[in-house]
Amino acid sequence: MSDVTETAHAAVRQHAAAPEHTASQERLPDHEPDSFAVQIADQIESFILTVTEVAKGDEPDSAVPFLLLEVSQLLLAGGRLGAHEDIVPDERYEPDLGPEPDVDDLRIRFARMLEPIDVYSEVFDPYEPRKAPVACRISDDLADVVTDLRHGLAHYRAGRTSEALWWWQFSYFSNWGSTASATLRALQSLVAHVRLDQPLQELDGLDTDEDLGEKDLEEAAGQVMLEEIAGPLGLRTT
């Protein structure tokens, strides 16, 4: 969890905590299979498990399609949390979960797997004028999202359902929602470039020392995309 997220977490929690809760906020159904809490937790746990499996690299040809699907499904859960009324935790202060599980191995595995297309450009806040795009990494984003989701899942598994839902909702607004959305745009853009046969402008593997014309560069970029991205990452071309 970043310092900014921790600061916002403390501030928002103080405002959220109240001596009296409404009935819907105080006791969210968490035992029925069709309850809101169970559905959100299932979607989040499914995302963590699938992303962890993809990172192992056993099926590299399916990596990008799986990630595109899983991030899309996760954002459905995020949308439901975002549209839900403010969730109030039962306790004023968050119970201590101890050290956060290490996600460096996950980050490194994805960085190696996605090396040709790991870095992408993103506008941090589209409503802030004249903001320049910043460089991001899909591998960093996935690791950060998993960290946020695991934090809430630890509360859920400990039986603190309202705590888990509050954390997932808060961190959706403050961190993992925007991070996952940016990752989804990058993955969707990658797939679209390949499927529509539109070469990326900059790719690792192009020899910039060669004196090539625009047409040659376009053909070279397309070839790099086909060999280094489309085939190894399981993206079919027509």
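Residues numbered from 1 in each chain as written. Predicted model: local features only at pLDDT ≥ 70, side-chain atom pairs only at ≥ 80, totals over all residues. Heavy atoms only, no water.

S.K.: Can you help me understand helix H6 (residues 138–157) in this one?
M.R.: Because an α-helix packs 3.6 residues into every turn, residues spaced three or four apart end up facing the same way. If you check H6, its first and last C-alpha atoms are 28 Å apart, about what 20 residues at 1.5 Å a residue would give, namely 28 Å. Burial runs high along H6: 14 of the 20 residues are buried. Gly159 sits one or two positions beyond H6 and adopts a positive phi of about 90°. (Helix = DSSP H or I, 4+ residues; strand = E, 2+ residues; numbered from the N terminus. Expected span 1.5 Å × (residues − 1). Buried < 20%, exposed > 50% of the residue type's maximum accessible area, 1.4 Å probe, protein only.)

S.K.: Would you explain the confidence of the model for the protein chain in this entry?
M.R.: Close reading of the predicted structure is inappropriate where its pLDDT is low. Averaged over every residue, the pLDDT of the protein chain is 78; the share at 70 or more is 69%. Every residue in residues 14–30 is under pLDDT 50, and counting partners more than four places away or in other chains gives 24 contacts. In this model residues 203–218 is a low-confidence stretch, pLDDT under 50, and it forms 17 contacts with partners more than four residues away in sequence or in other chains. (pLDDT = per-residue confidence, 0-100. Contact = heavy atoms within 4.5 Å.)

S.K.: Is there a simple way to explain the packing of aromatic side chains in this structure?
M.R.: The full count for this structure, using the stated rule, is 5 aromatic pairs. Relative to Phe170, the ring of Trp166 has its centre 5.2 Å away and its plane inclined at 5°; by these criteria the two rings are stacked. Placement of the pair is Trp166 and Phe170 together in helix H7 (residues 161–195), with a separation of 4 residues, close to one helical turn. For Trp166, a relative accessible area of 3% gives the class buried. When the ring of Tyr172 is compared with that of Trp176, the centres are 5.2 Å apart and the planes differ by 65°; the resulting orientation is edge-to-face. Of the two residues, Tyr172 and Trp176 are both situated in helix H7; the distance of 4 residues between them amounts to about one turn of the helix. Of the two residues, Tyr172 and Trp176, both sit in the buried class. Members of the aromatic cluster, joined through ring pairs, are Trp166, Trp167 and Phe170. (Phe/Tyr/Trp six-rings, centres within 6.5 Å; stacked < 30°, edge-to-face > 60°.)

S.K.: Honestly, the pattern of salt bridges in this entry has me stumped. Any pointers?
M.R.: Any two side chains of opposite charge can pair if their charged atoms end up close together. For the coordinates displayed, the defined rule picks out 8 salt bridges. Glu45 is paired through a salt bridge with Arg157; the nearest N and O atoms lie 2.7 Å apart. Of this pair, Glu45 sits in helix H3 (residues 36–55) while Arg157 is found in helix H6, placing the two residues 112 residues apart along the sequence. For Glu45, a relative accessible area of 27% translates into the label partly exposed. In this structure Arg157 comes out as exposed when scored by relative accessible area, which is 59%. For Asp104, the salt bridge is made with Arg107, and the minimal N-O distance between the two is 3.8 Å. With Asp104 and Arg107 both in helix H5 (residues 104–113) and 3 residues apart, this pair spans about one turn of that helix. Here the residues in one salt-bridge network are Asp104, Arg107, Asp140 and Asp144, joined through shared partners. (Salt bridge = Lys/Arg side-chain N within 4 Å of Asp/Glu carboxyl O.)

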